[in-house]
Amino acid sequence: MACQIAANAQKMGIIPVYFDSESAIDPSFLEKAGCDLNNLLYVQATAVESVLEYIEELMKNAPAQYLFIWDSLANTPTNSDVEGDFNPLSSMAVKPRVLSKGFAKLTIPIAECQSTLLILNQLKTQIGTPDGAGPNPKYWTVEQKYFTPGGKAPAYAYSLRIWLTTPKGKDDMVLNDKGFRIGSSVKANLIKSRFGSQGRRCEFKVLWGSTVGVLDDES
């Protein structure tokens, strides 16, 4: 979906900048999604700090209208994660603190150059009982069942926050004539919007096999 958004941005004269921390994107996949590789910047996201610094430097030294795609926030380490040991307690809460300062510093510059920062993140299962939730997880809302890495600063700064989930049933999978899975259904829940559209939901099917995109016009 992010690759399709990048392709649509190119048609509008916007320059996509793809920060990849998962090494899961290849040129052929981008081309299948409709991207022009000659007008797309690809950056290996080695650390949270380097991504934020790259965005800042690019807007300063080569001002233009950009679409920054960060894939993904959850998988991007901080400098202390890379340089430190494997003990999670040695770098606890470093990423949320870095992001809190980063969003406070970059939100206005991004808006002033009419650019967009699209961040891909992950939904992780909530451990313990969240505030306002009952004791039985069966009756928790989606927002109570899951949380996203990175702390509270990103959620506060986002103009749009969309949670995507995939049903687990076989009927929700898209299969080809040989029975191989080439896509899936996606439920989109708009849990935050500064444009008056919060609470909207929809379901559609996406293809990520030989064809990348939505299944049909209705989707």
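Residues numbered from 1 in each chain as written. Predicted model: local features only at pLDDT ≥ 70, side-chain atom pairs only at ≥ 80, totals over all residues. Heavy atoms only, no water.

Novice: Any chance you could explain the overall build of the chain here in plain terms?
Specialist: Looking only at helices and strands, the chain features seven helices and 11 strands. For the chain, the C-alpha radius of gyration of 19 Å lies close to 17 Å, the compact-globule estimate for 219 residues. The dimensions of the chain, computed from C-alpha atoms along their principal axes, are 50 × 50 × 40 Å. The long-range fraction of contacts in the chain, counting pairs at least 24 apart against all pairs at least 6 apart in sequence, stands at 62%. Surface summary for the chain: the accessible area is close to 13,500 Å², and the carbon and sulfur share equals 54%. Treating the 22 positive side-chain charges of the chain as one cloud and the 23 negative ones as another, the clouds have centres 8 Å apart. (Helix = DSSP H or I, 4+ residues; strand = E, 2+ residues; numbered from the N terminus. Rg over C-alpha atoms; globule rule 2.2 N^0.38 Å. Contact = heavy atoms within 4.5 Å. Areas by Shrake-Rupley, 256 points an atom, 1.4 Å probe, with all protein chains shown as cover. Lys, Arg positive; Asp, Glu negative; His and termini not counted. Charge placed at Lys NZ, Arg CZ, Asp CG, Glu CD.)

Novice: Just to check I follow, could you spell out the pairing of strand S9 (residues 181-193) for this structure?
Specialist: Two faces, one strand: in a regular strand the side chains alternate between the faces of the sheet. Along S9, 10 of the 13 residues are buried, which leaves the element largely enclosed by surrounding structure. Here three bridges tie strand S8 (residues 173-175) to S9, and the two strands are oriented antiparallel to one another. Residue pairing in the sheet places valine 174 in a bridge with glycine 183 of S9. Alignment of S9 against strand S10 (residues 201-208), held across seven bridges, turns out to be antiparallel. Its bridge partner being in S10, valine 186 is matched across the sheet by phenylalanine 204. (Buried < 20%, exposed > 50% of the residue type's maximum accessible area, 1.4 Å probe, protein only. Pairing = 2+ DSSP bridges.)

Novice: Please explain the pattern of salt bridges as it appears in this structure.
Specialist: As enumerated under the stated definition, the model contains two salt bridges in all. The salt bridge partner of glutamate 56 is lysine 60, with a shortest N-O separation of 3.9 Å. Linking glutamate 56 with lysine 60, this pair stays in helix H3 (residues 48-61), spanning four residues, or about one helical turn. Linking lysine 105 and glutamate 56 is a salt bridge whose minimum nitrogen-to-oxygen distance equals 3.3 Å. With lysine 105 in helix H5 (residues 94-112) and glutamate 56 in helix H3, this residue pair connects regions lying 49 residues apart in the sequence. (Salt bridge = Lys/Arg side-chain N within 4 Å of Asp/Glu carboxyl O.)

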